[in-house]
Amino acid sequence: MSKAKAVIVVSTFSTEESAAEIGKKLVEKGLCACVNFTKIRSIYSWKGRVEDQPEYIAFFKVAKGSAKALKEELARVHPYDVPEIVEIKMSDVSKPYLSWLVDAESAHRVAKKRDHPSKR
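Below is a short write-up of the structure.

Definitions and cut-offs
- Residues numbered from 1 in each chain as written.
- Predicted model: local features only at pLDDT ≥ 70, side-chain atom pairs only at ≥ 80, totals over all residues.
- Heavy atoms only, no water.
- Helix = DSSP H or I, 4+ residues; strand = E, 2+ residues; numbered from the N terminus.
- Buried < 20%, exposed > 50% of the residue type's maximum accessible area, 1.4 Å probe, protein only.
- Contact = heavy atoms within 4.5 Å.
- Areas by Shrake-Rupley, 256 points an atom, 1.4 Å probe, with all protein chains shown as cover.
- Pairing = 2+ DSSP bridges.
- Axes fitted to C-alpha atoms, helices over the stretch in contact; angles between N-to-C directions.
- Arc of directions from axis to C-beta.
- Phe/Tyr/Trp six-rings, centres within 6.5 Å; stacked < 30°, edge-to-face > 60°.

The next point concerns the overall build of the protein. Along its length, the protein carries three helices and four strands. Each helix and strand of the protein, ordered N terminal to C terminal, gives the series β-α-β-β-α-β-α. Taken over 120 residues, the protein has a buried fraction of 33%. Of the contacts formed within the protein by residues at least 6 apart in sequence, a portion of 72% connects residues at least 24 apart. Accessible surface, the protein as shown: approximately 7,900 Å² in total, 54% of it carbon and sulfur.

Written out as structure tokens, the structure is:
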């Protein structure tokens, strides 16, 4: 367990509903342990214009070994043409939290495989 590492994958969404729906699906698939999201205001350049829009920023907590699969699936299901998908290394994480994060992902993936119709 001491070698386990975790990252946070950050993405933004135009609505709370899309952040919640996608976040829930990714947790259910065992691609991340949890996701937190909150409303923000984003000012950015898009197609030659400066935009000022409300958005929802989502923080996906994931074991480092699962980050690539999470980012690939997030890119596949994301509603934006150019989604923000940024990986941030978690360099100082409490051991109990890191243990929970890694265990939560693994347990969910194992449960999903066990419950799969082909495994019955």
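Having put the structure on the table, let's press on.
In spatial order, the strands read β2-β3-β1-β4; together these four strands make up an open sheet with antiparallel pairing. Edge strands, defined here as strands with exactly one partner in the open sheet, are β2 (34-46) and β4 (86-89). Ignoring which end each strand starts from, the neighbouring axes of this sheet average 30° apart. Its contacts with the sheet put helix α1 (residues 16-28) on β1 (6-13), β2 and β3 (49-63), and the angle it makes with β2 is roughly 135°. Most of the contacts of helix α2 (residues 67-77) go to β1, to which it runs at about 10°, and overall it touches β1, β3 and β4.

Right, let's talk about α2 for a bit. Those residues of α2 not exposed but buried are Ala67, Leu70, Glu73 and Leu74. Buried residues in α2, looked at end-on, bunch into an arc of 135°, giving them a common side. Those residues of α2 that are exposed and angled more than 90 degrees off the buried face are Lys68 and Arg76. Buried residues in α2 make contact with β1, α1, β3 and β4.

Quick look at the environment of alanine 4 now. With respect to the helices, strands and loops of the structure, alanine 4 is situated in the segment before β1. Sequence-wise, alanine 4 and valine 102 are 98 residues apart; in three dimensions their C-alpha atoms are separated by 7.7 Å. Those residues within four positions of alanine 4 in sequence are excluded, and the remaining contacts are Leu98 and Val102.

Tallied over the entire structure, the rule returns one aromatic pair. Here tyrosine 97 and tryptophan 100 contribute two aromatic rings whose centre-to-centre distance is 5.4 Å and whose plane-to-plane angle is 40°, an arrangement assigned as tilted. Here tyrosine 97 pairs with tryptophan 100, and both are found in helix α3 (residues 95-115), just three residues apart, close to one helical turn. Given the relative accessible area of 28%, tyrosine 97 is considered partly exposed.

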